[in-house]
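One letter stands for each residue in the lines below.
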Amino acid sequence: MDKGSLLILSGMGLIMIGFLLVFIGMLLSAASGEGEVEGGGVIMIGPIPIIFGTSGRAAGLATLLAIVLIALWIIASLLSRRG
């Protein structure tokens, strides 16, 4: 399997994991009956993150997500230079 196919498969896998996590989160939220909703996210423009959130907790989790995304970007950059 070449690198291109591996990248496509890993990207599709990450998307599927994301959908699964959102689905599980919705089920847990519906089962708990609590009405409080928080949200946050990260927009990556190259290696630069734009972080937003409706609360401090959501923004903190988005910050952790940004750190993970930046680390993955650095690893991918280093691996692409090798091959």
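On a predicted model such as this, the values are computed, not experimentally measured, just so you know. (Residues numbered from 1 in each chain as written. Predicted model: local features only at pLDDT ≥ 70, side-chain atom pairs only at ≥ 80, totals over all residues. Heavy atoms only, no water.)

**Description of the overall build of the protein chain**
Quick reminder of the rule: Each helix corresponds to a stretch of at least 4 residues labelled H or I by DSSP, and each strand to a stretch of at least 2 residues labelled E; elements are numbered beginning at the N terminus. Only C-alpha atoms enter the radius of gyration; for comparison, a globular chain is expected to reach 2.2 Å times N to the power 0.38, where N is the number of residues. When accessible area is computed with a 1.4 Å probe and restricted to protein chains, residues below 20% of their type maximum are described as buried, those above 50% as exposed, and intermediate ones as partly exposed. Should any heavy atoms of two residues lie within 4.5 Å, those residues are counted as being in contact. Residue burial considers only the protein chains on display, and all accessible areas are found by Shrake-Rupley using a 1.4 Å probe. In this tally Asp and Glu are treated as negative and Lys and Arg as positive; neither His nor the chain ends contributes. For the purpose of locating charges, the reference atoms are NZ of Lys, CZ of Arg, CG of Asp and CD of Glu.
When you go through the protein chain residue by residue, the secondary structure sums to two helices and two strands. Along the protein chain, helices (α) and strands (β) appear in the sequence α-β-β-α when read from the amino end. For the protein chain, the C-alpha radius of gyration of 16 Å lies well beyond 12 Å, the compact-globule estimate for 83 residues. Relative to its full complement of 83 residues, the protein chain shows a buried share of 6%. Contacts in the protein chain between residues at least 24 apart in sequence constitute 18% of all its contacts with a sequence separation of at least 6. In the structure as shown, the protein chain presents an accessible area of about 6,800 Å², 75% of it carried by carbon and sulfur atoms. Averaged over its 4 positive side-chain charges, the protein chain has a centre that lies 23 Å from the centre of its 4 negative ones.

**Description of the layout of surface pockets**
What counts is decided by this rule: Think of a 1 Å grid over the protein atoms and nothing else: a 1.4 Å probe that fits but is trapped marks a cavity, an open set flanked by protein within 12 Å on at least five of seven lines marks a pocket, and residues with an atom within 4 Å of a point count as lining. Grid points are joined across faces, edges and corners, and a volume is the space filled by probe spheres set on the points.
Of the pockets and cavities examined, the largest pocket occupies roughly 1,200 Å³. Forming the walls of the largest pocket are 25 residues, and the residues nearest its centre are Leu14, Ile17, Gly18, Leu21 and Leu65. Those elements giving two or more residues to the lining of the largest pocket turn out to be α1 (3–32) and α2 (56–82). Ranked by residues supplied to the lining of the largest pocket, first place goes to α1 with twelve residues.

**Examining the pairing of strand β2 (residues 48–53)**
What counts is decided by this rule: At least two bridges found by DSSP between two strands is the condition for calling them paired.
Bridge count between strand β1 (residues 40–45) and β2: six bridges; the pairing is antiparallel. The partner of Gly41 across the bridge, within β2, is Phe52. Linkage of β1 to β2, two consecutive antiparallel strands, is achieved through a turn of two residues, within which Gly46 is found at a positive phi near 65°.

**A word on α1**
The test is simple: Expected helix span is computed as 1.5 Å times (number of residues minus one).
End to end, α1 covers 43 Å across 30 residues, agreeing with the expected 44 Å (1.5 Å per residue, within 8%). Directly after α1, the chain includes Gly33, whose backbone phi takes a positive value near 75°.

**Details of the pattern of salt bridges**
Our working definition: For this document, the term salt bridge refers to a Lys or Arg side-chain nitrogen within 4 Å of an Asp or Glu carboxyl oxygen.
Applying the stated criterion across every chain, the model contains one salt bridge. Ionic pairing is found between Arg57 and Glu38, a salt bridge with its closest N-O pair at 3.4 Å. You can see Arg57 sitting in helix α2 and its partner Glu38 sitting in the loop between α1 and β1, a full 19 residues away along the chain.

**Side note on α2**
The α-helix advances 3.6 residues per turn, and as a result positions three or four apart in sequence lie on the same side. Between its terminal C-alpha atoms α2 stretches 39 Å, which fits the 39 Å expected from 27 residues at 1.5 Å a residue. Taken together, the buried positions of α2 are Ala58, Ala62 and Ala66. Looking at the buried residues of α2, the elements they touch are β1 and β2.

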